[in-house]
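# Fold and contact review
As a plain string of letters, each chain reads:
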Amino acid sequence: MPKSEVKTSLLDNMIGVGDSVLLEPLTEDTFLENLKNRFDHSEIYTYIGSVVISVNPYRHLPIYTPEKVEEYRNRNFYELSPHIYALADEAYRSLRDQDKDQCILITGESGAGKTEASKLVMSYVAAVCGKGAEVNQVKEQLLQSNPVLEAFGNAKTMRNDNSSRFGKYMDIEFDFKGDPLGGVISNYLLEKSRVVKQPRGERNFHIFYQLLSGGSEDLLKQLKLEREFNQYNYLGLDSAKVNGVDDAANFRTVKNAMQIVGFMDDEVELVLEVVAAVLKLGNIEFKPESRVNGLDESRIQDKNELKEICELLGQDQAVLERAFSFRTVEAKQEKVSTTLNVAQAYYARDALAKNLYNRLFTWLVNRINESIKAQSKVRKKVMGVLDIYGFEIFENNSFEQFIINYCNEKLQQIFIELTLKEEQEEYIKEGIEWTHIEYFNNAIICELIENNTNGILAMLDEECLRPGTVTDETFLEKLNQVCAVHERFESRMSKSSRFLNDTTLPHNCFRIQHYAGKVMYHVEGFVDKNNDLLYRDLSQAMWKTNHVLVKSLFPEGNPVKMSLKRPPTAGSQFKASVATLMKNLQTKNPNYIRCIKPNDQKAPHIFAEALVRHQVRYLGLMENVRVRRAGYAFKQPYESCLERYKMLCSQTWPHWRQGSRDGVKVLLTELQIPPEEFSYGRSKIFIRNPRTLFELEDLRKRRLEDLATLIQKIYRGWKCRTNFLLMKKSQIIISAWTKRHFQRKKYLQLKNVTLIIQSYIRGWKARKLLRELKHQKRCEESATTIAAYWRGFQVRREYRKFFRANAGRKIYEFTIQRIMQKYFLEMKKKLPSMSPTEKTWPPRPYFFLDDTHTELKRIFHLWRCKKYRDQFTEQKKAIFEEKLEASELFKDKKALYTNSVQQPFQGDYLEISKNPKYQKLNGAVEEKIVLADVVNKINRANGKVAPRIFLLTQSNFILADQKSGQIKSTIPVMDITSVSVSKQTDGLFAVHLKEGSTAAAKGDFLFTSDRLIEIITKLYRTIFFKTNQKINVEINNEFLVQFNQDKVCVKFIQGAQKNGNLPTCKRKNNRLLEVTVP
Ligand SMILES: Nc1ncnc2c1ncn2[C@@H]1O[C@H](COP(=O)(O)OP(=O)(O)OP(=O)(O)O)[C@@H](O)[C@H]1O
Ligand SMILES: [Mg+2]
């Protein structure tokens, strides 16, 4: 757990009692004892309910660290041990969250720690409110306004080394978020008399010492200053140095702060020039000079100082010198100038110095306000911090102390009004039975001072305005007349004899019994200080300077704006501004810090009981405690009470659903707390005895330990469950993402596929279209090409003869033609004889003409043959046809054929028509004779031969006797079926007849003839012409013939021939006829 998280309750580890309300028993002694006890343990803060008592430790305590700020941040008031931060936090949160304007009222006598407390509150609020560049700048400016105002408005006094010599009320403005927007500072009556005179042991305002100590040589030279304090009449010499205060360092801090707040460099310069001028004014001295007219006059002793002042302020020396010497009074349009004596000159000098410084201070406050004022116009919430000069009693108390103490009196009153009265009224409001607690109400003292008719301030004003001689004494006299009977007013001159014998009270003094003690005031200076007049000559002289700042500080010096009206007196001004302040404070929610000064030595660890007791008394702290605990020591709203103790009762823990008042009732009943110990208010529970509260606390502490275990248990369970839920959630997220991823992937795939398909289809379509277009284009191109070629072709054809490219071909063709021509011509010359039998043929001249040559040879041969054939007559043609027929029938089949080739086929060898022997025969033959020859007929029976005429006509063949020509037989050629011959050279042939024909009665014929080839050829052809049938010509060395009814085999055998070429036939038997052939 971080350090800031450590919870220390108001009631935990308590030193003494943190809240005095819980003191038991409650007496002044126990109260002081408790304060002392805590003070000794460095616990300087103690509560009285919500009021913070702060005892000045006079030493640095480590309780204002940033860690402490964090610790108290957003914590309830009573949650932690008492601290000023708790109050600041409560106020800030109330402002931010409940939209309530706040005021922090810090009271206490001088040196009690008010200024420190106010700075602590401011720094805490600055630390916890919003952050950011702009906000931080606002914060810085607000915080840095303090060192500037302290330098010019604070001084070392007998009571406090850093005593505020002015009252300050600062409104810090916030927006609705609680971010600071800016601020407004109001200042109250600066103790300006300090500028010219300080009581013994005290100092002038810090800035003079800081400037002389911390200013660089150059700066001092520029401001015409010496570094030594003793050079200046206005600086108290006996306590120029303050222990533990580094004026030089503080000067640097102030300059830096001025820069942060927004002072320009030249503005700082102007301010320091005024400071220097004030300081130097004190060194102007006057000497008396008697005039002839008896009037006292004064003269400046050493004009060097005056000269330097005039140089610093851009002033005409004579003007200032005159202002110190004369006084002009204007009455009834009449100007009267009177000379000033030495005393008056000193008075004028000091009045100028005081006024200059006072006005400079007011200007500074205004200038700071200008810087820190809120820029935006949004509705603001305000936290006011009041830090005024504390109640003080000096040896010689004057008008300033009177004013300061009056202011404190007023503050005490507001405290009484709001705390003691309010507290008591609350009980009545809450319906609690209540007996009034008496307390001292200082209203009577306030009345004494501020009453409009007979108050001291009213008297003073009256005296100041009264015509005639007015002195402080006349004022005191007046007081004695009017206030003598007032119980809080004391004076020797009072008509009442009460104080006539009081030697402690000088005659020029009056004494007031303030709430915080009796203070004796010397009347000297009251009238003057109240009048606060500056000779017009001086303000006019100041207005005449060339110094921008000084000029602006004395607007009444401008003759144009000059007015004869008296300005309001200092007293009435102060009274009015305090009244306004009080009114303002009453509209805000008050938060009290009551500062106590533990000793007069400004020393740590000393707790001067008598001193503190005195303060406790006059501050009315006991009454405060008593009111808070009269009857009831502790009160708390039901909600908070239930919240704090609800764990002590099973019914209220952990949740109480009904009203918190009922809850608290149930709680207290169950805890069996005696009913007289508490009382139920309307909104709060009132606990009578502190012991009861402690008892409750003890119970709570014990219960908390149990609860801690429970919380631990629940926390662990919660942590595990949270972890589990987180994991589950993560798992769902992961799976969702995974699913998404896959779906997406799938979708993308699908998309891709679709796109691919789409693109393919588109591609396909496009390609198809492209193809078509290409085809179309090609067609067009082709048509063009064809047309072009065609035209080209035509043109070329027309012009080919002119083409050189064709020359080769032409030449080639020509050459070939020439070669062919030559070849043919040569061949013509070389042609062989026209005889078809000629075999010779000239050799070919060229190889490439091989085929042609052969072909030509063939053609020539055919042509030769044709030519040869063309010579033939019809007759000869027939002969050749017969020869050809003979060749077809017998060539290479019968040996006899070769002999026949040479023999022409004459046919009619017998010329029967011419031969008278055959006249008859000739007459019998009607048809054309195809063949007529003599053949040998072989006797079928014995084989003997007999000559016969063989006559063949176109339809018959006739056998006739050779000698007579007697026709032996006529056989129609149609009856011949076949012819048989041997393969030999013999002339035997058999004519086979159709069976059953008349000619066949005797059987087939056997003949021999040398002209066998011709006879058979003609017979064959005749039968063919007649019957259109080719008869069979059997060529064999053995064949059958039909003789009568017998089939006889004719068999050829080789043998010696008796009768030449004729065959010798011999019938061997019925079946065989042997023919012997060569
Ligand atoms: N909380 C504190 N811690 C340490 N020192 C402190 C604290 N409060 C006051 N002091 C010391 O006491 C001195 C006087 O305090 P401070 O100036 O606040 O008194 P004051 O009440 O403003 O007096 P005056 O009325 O004269 O202005 C401071 O200079 C400082 O040294
Ligand atoms: Mg102060």
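Everything that follows concerns the structure shown earlier in this document.
Treat the numbers as computed from the prediction; the structure is a model and nothing was measured.

## What about the overall build of the protein chain?
- A tally of helices and strands in the protein chain yields 32 helices and 31 strands.
- In terms of overall dimensions, the protein chain is more spread out than a globule: its C-alpha atoms have a radius of gyration of 84 Å, far above the 31 Å expected for 1078 residues.
- Seen through its C-alpha atoms, the protein chain measures out along the principal axes to roughly 245 × 90 × 45 Å.
- Put simply, the protein chain has 1078 residues, and 49% of those count as buried.
- Long-range pairs, those at least 24 residues apart, make up 64% of the contacts in the protein chain between residues at least 6 apart in sequence.
- Of the accessible surface of the protein chain, which amounts to about 55600 Å², a share of 52% is contributed by carbon and sulfur atoms.
- When the 165 basic and 132 acidic side-chain charges of the protein chain are each reduced to a single mean position, those positions are 21 Å apart.

## Observations regarding the packing of helix α5 (residues 133–153) against helix α7 (residues 206–214)
- Between α5 and α7, whose axes approach to 5 Å, the crossing angle comes to 100°. Relative to α7, the element α5 lies roughly perpendicular. Where α5 approaches α7, its residues Glu150, Ala151 and Phe152 are matched on the opposing element by His206, Ile207 and Gln210.
- For the contact of α5 with α7, a count of residues per class yields three nonpolar, two polar and one charged.

## Focus: the coordination of the magnesium ion (ligand 2)
- Those protein atoms acting as donors to the magnesium ion (ligand 2) are Thr115 (OG1) and Ser164 (OG), and they sit at 1.9 to 2.1 Å. Residue Thr115 is found in helix α4 (residues 114–128), and its partner Ser164 is found in strand β5 (residues 163–164); the two are separated by 49 residues along the sequence. No difference in accessibility class separates Thr115 from Ser164, as the two residues are buried.

## Let's talk about the site of ligand 1
- Near ligand 1 you find 19 residues, and of these Ser110, Lys114, Thr115, Ser163 and Ser164 are the closest.
- With respect to ligand 1, the side chain of Thr115 contributes an N or O atom lying 2.6 Å from an oxygen atom.
- A distance of 2.7 Å is found between an oxygen atom of ligand 1 and a side-chain nitrogen or oxygen belonging to Asn160.
- In the complex, the protein chains occlude 87% of the 620 Å² of accessible area that ligand 1 would expose alone.
- Where the shell around ligand 1 is concerned, the elements lending two or more residues are α4 and β5.
- Top contributing element to the shell around ligand 1 by residue count: α4, with three residues.
- Residues belonging to the shell around ligand 1 are distributed by class as follows: five nonpolar, 10 polar and four charged.

## So, helix α11 (residues 303–313)
- Considered for burial, the residues of α11 that qualify are Glu305, Leu306, Ile309, Cys310, Leu312 and Leu313. With its buried residues spanning 160° around the axis, α11 presents them on a single face.
- On its buried face, α11 is in contact with α8 (217–222), α10 (265–281), β9 (296–300), α12 (317–325), α19 (536–543) and α20 (548–553).
- Its side-chain oxygen placed 3.0 Å from the backbone nitrogen of Asn304, Asp302 serves as the N-cap of α11.

## Section: the sheet that holds strand β21 (residues 945–953)
- The eight strands lie next to each other as β23-β22-β21-β20-β26-β25-β24-β27, forming an open sheet whose pairing is mixed. Taken across any chain shown, the strands that pair with only one partner, and hence form the sheet edges, are β23 (967–972) and β27 (1032–1035). Across this sheet, the average inter-strand angle for adjacent strands is 30°, counted without regard to direction.
- Taken together, the five bridges between β21 and strand β22 (residues 956–961) define a ladder with antiparallel strand orientation. Across the sheet, Ile949 pairs through a bridge with Ala960, a residue of β22.

## Points about the pairing of β21
- Note: strand β20 (residues 929–938) against β21, nine bridges, orientation antiparallel. Looking at β21, one finds that Val935 is bridged to Arg948.
- The hairpin turn running from β20 into β21, its antiparallel successor, is six residues long, and Gly943 in that turn takes a positive phi close to 90°.
- Count of turn residues in the β21/β22 antiparallel hairpin: two residues.

## With respect to the side chain of Arg367
- Relative to the elements of secondary structure, Arg367 occurs in helix α13 (residues 342–372).
- There is a polar contact of 2.9 Å between the side chain of Arg367 and the side chain of Glu267.
- For Arg367, the side chain forms a polar contact with the side chain of Ser371, separated by 3.0 Å.
- Once residues lying within four places of it in the same chain are set aside, the contact partners of Arg367 are Gly262, Phe263, Met264 and Glu267.

## Focus: the sheet that holds strand β1 (residues 45–48)
- The strand order across the open sheet formed by seven strands is β1-β2-β16-β3-β12-β6-β7, and the pairing between neighbours is mixed. Edge positions in the open sheet fall to β1 and β7 (180–188), since each of these has one partner strand only. Mean inter-strand twist for the sheet, computed between neighbouring axes without regard to direction, equals 20°.
- Bridge count between strand β3 (residues 102–107) and strand β16 (residues 589–596): six bridges; the pairing is parallel.

## Looking at the environment of Val319
- As for its position among the elements, Val319 is in helix α12.
- A relative accessible area of 22% places Val319 in the partly exposed class.
- Placed 219 residues apart in sequence, Val319 and Leu538 show a C-alpha to C-alpha distance of 9.0 Å.
- Setting aside residues no more than four positions away along its own chain, Val319 makes contact with Ala541 and Lys544.

## Some points on the nonpolar core
- Formed by 203 residues in total, the largest nonpolar core has its most connected members in Phe152, Phe208, Phe324 and Phe510.
- If one sorts the elements of this core by residue count, α13 sits on top with 15 residues.
- The contact partners of Phe208, leaving out residues within four places of it in the chain, are Val195, Leu235, Val275, Val278, Leu279 and Tyr357.
- In this structure, Ala886, Phe950, Phe957 and Phe1007 belong to the second largest nonpolar core, which totals 34 residues.

About the cut-offs
Residues numbered from 1 in each chain as written. Chains lettered and ligands numbered in written order. Predicted model: local features only at pLDDT ≥ 70, side-chain atom pairs only at ≥ 80, totals over all residues. Heavy atoms only, no water. Helix = DSSP H or I, 4+ residues; strand = E, 2+ residues; numbered from the N terminus. Rg over C-alpha atoms; globule rule 2.2 N^0.38 Å. Buried < 20%, exposed > 50% of the residue type's maximum accessible area, 1.4 Å probe, protein only. Contact = heavy atoms within 4.5 Å. Areas by Shrake-Rupley, 256 points an atom, 1.4 Å probe, with all protein chains shown as cover. Lys, Arg positive; Asp, Glu negative; His and termini not counted. Charge placed at Lys NZ, Arg CZ, Asp CG, Glu CD. Axes fitted to C-alpha atoms, helices over the stretch in contact; angles between N-to-C directions. Parallel < 35°, antiparallel > 145°, perpendicular 65-115°, else oblique. Nonpolar A, V, L, I, M, F, W, Y, C, P; charged D, E, K, R; others polar. Donors = N, O, S within 2.8 Å, 3.2 Å for Na, K, Ca; no water. Near = heavy atom within 4 Å. Polar contact = N/O pair within 3.5 Å; in protein donor to acceptor, adjacent residues only side chain to side chain. Arc of directions from axis to C-beta. Pairing = 2+ DSSP bridges. Core = buried A, V, L, I, M, F, W, Y, C linked by side-chain atoms within 4.5 Å.

Read these as spatial facts, not as claims about activity.
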